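# Structural features, examined
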Amino acid sequence: MSVMKNRAVLRWLVPVTAGVAVIGGGAAVGTFAAGADPALPPRSAAQLLEDLRTSRLDGLSGTVVQRADLGLPPIAALAGQATGNDLAGLVSGTHTLRVWYGGEDRQRLALVDTLGEQDILRNGRDVWTWNSRENTATHRKLPADAPERATVPATPADAADRALEAIDPTTAVTVGRTATVAGRDAYELVLTPRDKASLVHQVRIALDAKEHVPLRLQVLADGQDEPAFQVAFTQVDFRTPEADQFRFNPPPGVKVTEATEGKRPGPAGKRFEKKDAEKPDVRTVGTGWTTVVVAKIGDAATGGGAKPGADAPDAQMLGQVLGDLPKVSGDWGSGRLLSGKLFSVLLTDDGRVIAGLVTPERLYEAAKG
């Protein structure tokens, strides 16, 4: 696996001073570190990016801890309940996951909590999802041209892959301090948005000094000293896991559902197919860190009421939460605002959802158009 695939990100690299530039006071950097910072040979930002670009990973297994403090209302748990997917709750709180990687088409993720376990396994074109609490499993067959990207972005490498896509002239790329993550020495690559409209202050990626694989990713919000989001290995083994780790053996009494191509799971295990005419009209405004997504989804965007039907209780629950969001208005119109430490979402009364890692003022500008 190459974390950066073949992206030509180096051409966007801003000049950096020779040596190591220390970013910040280091309070957030030490979250998973133990002892003094390791003494490693100096590496420039260009060298670290090249390390990422050329890195290859045959396999690994380990334990990942994800922490999210986005300053959001308790909407994440509601989203998980409405979709029947506990993984939606990963946007808040602290979660422990076990991960196995055996190649581009063999991955496994286990979300472990006090009440049970939820697994996602990919073995070739077969993908299984299993919920131990309900003893239910879903199987689906991927198309032959399925993307090689991991099924779920759960590891620091998955998160870093997405963060590095934002590298363009609006990004300052520097080198932070060294660290120890999961008992391994690591360099730190720091991405800093130049546009002040971005709510992201910095993204810090700790790279294994030997394997050049991301071991930790931290996202700091503007004006905050502690990460609003962090995903990091607490234990990692770079040996390729045995093939049995990626085979799903249904436990006794499990209820298995075969997913149908073109359909996706709905609330409470129901399935529905979305017609092309019902798909939202989506466009983007801006570039880089201040890209804003604008989607036209209909008059129900602000939770003004649920449409009748079998799924009405879930829609009513969601509508109640959205209805509690603060009202906002301006020369762009009116609606409700969901704001957190890292992103803002504007739900307009005319049925648009406008979102980005930006200040609300940038959303209002996009709403005018």
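The sections below set out a description of the structure shown in this document. Being a predicted model, the structure only gives us computed values, none of them experimental.

## Side note on the overall build of the protein
What the protein contains, in helices and strands, is five helices and 21 strands. Here the protein, with 369 residues, has 45% of them falling under the buried criterion. A separation threshold of at least 6 residues defines the contact pool for the protein, and within that pool the share at least 24 residues apart is 59%. In the form shown here, the protein has an accessible surface area of approximately 18200 Å², with 52% of it arising from carbon and sulfur atoms.

## A look at helix α1 (residues 45-54)
Regarding α1, the residues found buried are A45, L48, L49, D51 and L52. The buried residues of α1 all sit within an arc of 155 degrees when viewed along its axis, so they share a single face. Looking at the packing, one finds that the buried side of α1 touches α3 (156-164), β7 (171-175), β9 (184-193), β10 (200-208) and β11 (214-221).

## Looking at the pattern of salt bridges
The tally for this structure, following the rule as stated, stands at 14 salt bridges. K141 serves as the salt-bridge partner of D126, at 3.0 Å between the closest nitrogen and oxygen. Taken together, the residues D126 in strand β5 (residues 126-131) and K141 in strand β6 (residues 136-141) connect sequence positions 15 residues apart.

## Quick look at α3
Burial within α3 is extensive, with eight of its nine residues counted as buried. Turning to α3, its buried residues are P156, A157, D158, A159, A160, D161, A163 and L164. Looking at the buried residues of α3, the elements they touch are α1, β1 (60-68), β9, β10, β11 and β12 (229-237).

## Description of the environment of A355
For A355, the position within the fold is in strand β21 (residues 352-356). Accessibility expressed as a relative area gives 23% for A355, which makes it partly exposed. The contacts of A355, once residues within four sequence positions are left out, are T291, V292, V293, S344, V345 and L363.

## Points about the nonpolar core
Judged by nonpolar contacts, the single largest core of 44 residues is most densely connected at L164, L189, L191, V203, I205 and L217. The leading source of residues in this core is β10, at five residues. Filtering out sequence-adjacent residues up to four positions away, L217 remains in contact with P156, A159, A160, A163, V203, R204, I205, F229, Q230 and V231. Core analysis: the second largest hydrophobic core is formed by 12 residues, V292, L337, L346 and I354 among them.

Conventions and cut-offs
Residues numbered from 1 in each chain as written. Predicted model: local features only at pLDDT ≥ 70, side-chain atom pairs only at ≥ 80, totals over all residues. Heavy atoms only, no water. Helix = DSSP H or I, 4+ residues; strand = E, 2+ residues; numbered from the N terminus. Buried < 20%, exposed > 50% of the residue type's maximum accessible area, 1.4 Å probe, protein only. Contact = heavy atoms within 4.5 Å. Areas by Shrake-Rupley, 256 points an atom, 1.4 Å probe, with all protein chains shown as cover. Arc of directions from axis to C-beta. Salt bridge = Lys/Arg side-chain N within 4 Å of Asp/Glu carboxyl O. Core = buried A, V, L, I, M, F, W, Y, C linked by side-chain atoms within 4.5 Å.

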